[in-house]
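Summary of the model geometry
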Amino acid sequence: MSETGRSRGVIAAAPRLAVAAIIVAGAALSLGLNFPGHFSYDSVVQLAEARDGAYSGEHPIVMSWLLGLADAAAAGGFLFVVFDTLLIYGALLALALLARRVSWLASPLAALCAPLPQLLLYPSIVWKDVLFAGASAAGFASLAWAAQRWAKPVSRGACLAAGLLVLTLAALARQNGAVVLPLAALTVGWIAARSGQASHGRRGLTYGLGFLSAGAVLFLAASVALATRLEDPGATTEAWTALQTYDLVAAAARDSHVDLGVLHARDPAVEALIRGKGARLYSPVHVDSIGPVLDQMDPDGADAGPVAAQWRDLIAHRPLLYLRIRATALRWVLLTPDPDGCVLVYTGIDGPAEEMADSGLKPRKSAMDDALDDYALAFAPTPAFSHATFGLVGLALLVLLLRRRRPADLAVAAMLGAAFAFVASFAVISIACDYRYLYDLDIAAIAAALYLAADWRRQ
């Protein structure tokens, strides 16, 4: 190779090396600042369950299982934090480097995003929401690489298999995480149909259905295997009863004369609780506001049936009231209008005493934890710490990707589509406004922005 050609090669590789260096440095800085990770109440309980080997079912079982694997390899679960960090930063790196010639625009964007709490702090918080966001982004990044390497069967197969595994993990990580699999299957089918010289609908259908079927089998097999360690099969019923009670309490708070005839006939004690204590305590901030009501109920026993029947009756006979209740819940989790009431970040280690002892963790709230907390909360009044901002950015990026419609674009567009579908599901299930619940939206928007910035010269 001539000296001129060698120089051109170095110049062409410089943007790729620069953005890779920034992303890798960001991951290292995040791990270093947050070592050995942050464990909230839920995280401590899940690690204790992992050590005990019996899962309560109050959280996705895969969280406890993965924490158990990490804890077995290195006590304390820090390797789980490493795993989450690798998923998130690995997805960003994979999408930023997908372009054959990376644009210089990617480097300043990566440098701008690296200090955000969503990247500097969140990957080290042991939450199912972080696992879901990382697995979803990594899974769709794998599909983007499969699209890019479609003409090479071995590379294509490896990327599709990796995407299938990681997206199935995402589906297991959140109760509503299964929304990723149908969108991923649709995308694989669309990419396959457009491969080659002409569009092939049958080939697309084969790939799409094959991917969906494989994902469903993996998801069901893993669910059944993990359920063998389930200690409390009634936990799912209890969670649904809490959601339904929350909606009924909200209805009574909005309309003191709302018809609760089903409860009046079948469970008058719960009706009295809802109309009295529940209506007084209700807040759209968090279901914990009606904790005293739920404590006096039997949510996975005698009260479950009447509450469910009354909830269905409310939807059937007062649909507009129900929709207003759900719209309020969605607005709170999407906009987090009360930074004091909506948990934005968590640092340190804390949890119930018994589970702290079982997990081998010690309470921690260090000066570094306080500094990280203050740093993240400084972003709270800004658009940089707002799901609405990332939703608008994601919507604009989705339009650009669907207008361009290159094979890898379809996978990145599906990642954004899955994030929006995930957000939409909270219109039905949201019971709190904590920022972490829609963290996936932020990560999907950041990843898509890096992908398009890296490939900007090919617009």
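Look a little higher up for the structure.
Residues numbered from 1 in each chain as written. Predicted model: local features only at pLDDT ≥ 70, side-chain atom pairs only at ≥ 80, totals over all residues. Heavy atoms only, no water.

Comments concerning helix α16 (residues 319-335)
- The end-to-end C-alpha separation of α16 is 24 Å, in line with the 24 Å expected for 17 residues at 1.5 Å each.
- By the burial criterion, the buried members of α16 are Leu 321, Tyr 322, Ile 325, Arg 326, Thr 328, Ala 329, Trp 332 and Val 333. Buried residues of α16, seen end-on, are gathered within an arc of 150 degrees and therefore sit on one face of the element. Away from its buried face by more than 90 degrees, α16 exposes Leu 320 and Leu 323.
- Positive backbone phi, at 35 degrees, marks Thr 336, one or two positions downstream of α16. (Helix = DSSP H or I, 4+ residues; strand = E, 2+ residues; numbered from the N terminus. Expected span 1.5 Å × (residues − 1). Buried < 20%, exposed > 50% of the residue type's maximum accessible area, 1.4 Å probe, protein only. Arc of directions from axis to C-beta.)

Quick word on empty space enclosed by the protein
- Inspection of every chain in the model, using the stated rule, returns 2 cavities of 30 Å³ or more.
- Quantified by volume, the largest cavity comes out at close to 60 Å³.
- Together, Ile 22, Ile 23, Gly 26, Tyr 89, Leu 92, Ala 110, Cys 113, Ala 114, Leu 119 and Leu 450 line the largest cavity.
- Of all the secondary structure elements, the ones that give two or more residues to the lining of the largest cavity are α1 (3-34), α4 (78-96) and α5 (106-113).
- Ranked by the residues each element gives to the lining of the largest cavity, the list is headed by α1, at 3 residues.
- Across the lining of the largest cavity, the residue classes tally to 9 nonpolar, 1 polar and no charged.
- Within this model, the second largest cavity holds a volume of roughly 40 Å³. (1 Å grid on protein atoms, 1.4 Å probe; cavity = no way out; pocket = protein on both sides within 12 Å on 5 of 7 lines; lining within 4 Å. Points joined across faces, edges and corners; volume = space filled by probe spheres on them. Nonpolar A, V, L, I, M, F, W, Y, C, P; charged D, E, K, R; others polar.)

Focus: the packing of α4 against helix α7 (residues 128-148)
- Axis separation between α4 and α7 bottoms out at 8 Å; the angle between their running directions is 35 degrees. Both α4 and α7 take part in a crossing whose hand is left-handed. Of the residues in α7, those touching α4 at Phe 80, Phe 83, Asp 84, Leu 87, Ile 88, Ala 91, Ala 94 and Leu 95 are Val 130, Leu 131, Gly 134, Ala 135, Ala 137, Ala 138, Ala 141, Ala 144 and Trp 145.
- Counted by class, the contact of α4 with α7 contains 15 nonpolar, 1 polar and 1 charged residues. (Axes fitted to C-alpha atoms, helices over the stretch in contact; angles between N-to-C directions. Left-handed = near helix turned anticlockwise from the far one by under 90°. Contact = heavy atoms within 4.5 Å.)

So, the environment of Tyr 346
- Checked against the element boundaries, Tyr 346 lands in the loop between α16 and α17 (353-359).
- As for Tyr 346 and Trp 127, which are separated by 219 residues in sequence, their C-alpha atoms are 10.0 Å apart.
- For Tyr 346, the side chain forms a polar contact with the main-chain oxygen of Phe 39, separated by 3.5 Å.
- Within the structure, the side chain of Tyr 346 is placed 3.3 Å from the backbone nitrogen of Asp 350, a separation counted as a polar contact. (Polar contact = N/O pair within 3.5 Å; in protein donor to acceptor, adjacent residues only side chain to side chain.)

Considering the nonpolar core
- Residues Tyr 122, Phe 140, Leu 143, Val 180 and Met 415 are the most contacted members of the largest nonpolar core, which totals 113 residues.
- Leave out the neighbours within four places in its chain, and Leu 143 touches Leu 160, Gly 163, Leu 167, Ala 184, Val 188, Ile 191, Phe 211 and Ala 411.
- In terms of nonpolar packing, the next biggest core, distinct from the first, is built from 23 residues, Ala 250, Leu 273, Val 287 and Leu 321 among them. (Core = buried A, V, L, I, M, F, W, Y, C linked by side-chain atoms within 4.5 Å.)

Looking at the state of the cysteines
- Scanning all chains against the criterion turns up 1 disulfide.
- Shown here is the disulfide that connects Cys 342 with Cys 433, its sulfur atoms set 2.0 Å apart. Measuring the twist about the S-S bond at about -105 degrees, one finds the Cys 342-Cys 433 disulfide to be left-handed. Taken together, the positions of Cys 342 in the loop between α16 and α17 and Cys 433 in the loop between α20 (407-429) and α21 (439-454) put the pair 91 residues apart, joining distant regions of the chain. Grouping residues by exposure puts Cys 342 and Cys 433 together as buried. (Disulfide = S-S within 2.5 Å.)

None of the figures reported here should be taken as evidence of function without further support.
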